Amino acid sequence: MTYRDLVSHYEACLEKYGDTHLGVDWPKKEDAIKRYRVMLDLVREVDENTSILDFGCGAAHLYDYILERGITKIDYSGLDISQKFISLCREKHPNTSFFCSDILVQETVAAKADYIIMNGVFTEKQSMTHKEMFEYFQSILKKVFPLARKGLAFNVMSKQVEWERDDLFHLPLDELAIFITQHLSRTFVVRNDYGLYEYTVYVYREPMVGN
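These numbers come from a predicted model, not from an experiment.

Asker: How would you sum up the pairing of strand E2 (residues 74-80)? Please name residues and give values.
Answerer: Across the seven residues that make up E2, a large majority, six, are buried. As defined by bridge partners, strand E1 (residues 50-55) adjoins E2 across six bridges and the pair is classed as parallel. Bridge assignment links Phe55 to a residue of E2, and that residue is Leu79. The parallel pair E1 and E2 is bridged by helix H3 (residues 61-68), and the resulting crossover is right-handed. Summarising the sheet, E2 and strand E3 (residues 97-100) pair through four bridges and their orientation is parallel. Bridged to Leu79 within E3 is Phe99. Since E2 and E3 lie parallel, the crossover through helix H4 (residues 83-92) that links them has a hand, and here it is right-handed.

Asker: How would you summarise the side chain of Thr123 if you had to cite specific residues and measurements?
Answerer: Structurally, the position occupied by Thr123 is in the loop between strand E4 (113-118) and helix H5 (130-144). Taking the relative accessible area as the measure of exposure, Thr123 reaches 2% and is therefore buried. There is a polar contact of 3.4 Å between the side chain of Thr123 and the backbone oxygen of Gly120. Setting aside its immediate chain neighbours within four residues, Thr123 contacts Tyr10, Trp26, Asn155, Val156, Met157, Leu168 and Phe169.

Asker: Tell me what's going on with the sheet that holds E3, and back it up with residues and numbers.
Answerer: Strand order in the open sheet formed by seven strands is E3-E2-E1-E4-E5-E7-E6, and the pairing between neighbours is mixed. Since the sheet does not close on itself, it has two edges, and those belong to E3 and strand E6 (187-191), each with one partner. The average angle at which neighbouring strand axes cross in this sheet is 20°, direction not considered. Where E4 meets strand E5 (residues 148-157), five bridges bridge the pair, whose relative direction is parallel. Note that in E5 the partner of Ile117 across the bridge is Ala153. This element, H5, spans E1, E4 and E5 of the sheet and lies at about 160° to E5.

Conventions we followed
- Residues numbered from 1 in each chain as written.
- Predicted model: local features only at pLDDT ≥ 70, side-chain atom pairs only at ≥ 80, totals over all residues.
- Heavy atoms only, no water.
- Buried < 20%, exposed > 50% of the residue type's maximum accessible area, 1.4 Å probe, protein only.
- Helix = DSSP H or I, 4+ residues; strand = E, 2+ residues; numbered from the N terminus.
- Pairing = 2+ DSSP bridges.
- Right-handed = clockwise from strand over helix to strand, strands pointing away.
- Polar contact = N/O pair within 3.5 Å; in protein donor to acceptor, adjacent residues only side chain to side chain.
- Contact = heavy atoms within 4.5 Å.
- Axes fitted to C-alpha atoms, helices over the stretch in contact; angles between N-to-C directions.

So this is what it looks like as structure tokens:
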């Protein structure tokens, strides 16, 4: 299973850099913070019952961001394939639900959530070819989207760049749109307005009221 190389890569980052932005392989802390803000923009309405599943939660830095900003109306839970990251998350936040699961080989123990956030799950491909990564990308989203009651968000690297890195997943917009409309939903938003060499996609189950 080639995608296991991704797990080994991120665990090596954690071992080398610890509980930091570098430990989840985000080069700049300010860019990581920007991503958390953009990811949370997925949520259309927030009340005391709004639930978020942080799929591929890593070191739960999204939850750290939520707590630091005093956002109290979100019911947060995290899921990751790596037991090392989940152990860290449980140590940091013992009263929060964290699940360790490989959704491609086992039924996840995580319950459905209103919104699912997948920050950084698809930005790197490491040793995988584009074809292998695109197949992995599709397989994961087909499994995860049914768990989202309202919508999900993910980010990938843009093709609209001056050069590409071989270890990153640069996904053309036409490939993305064909897959989403055929297999997930016809209601989606592409965010390419926050200054990074990537884009974020929100996929919703229903159009906004009034549209």
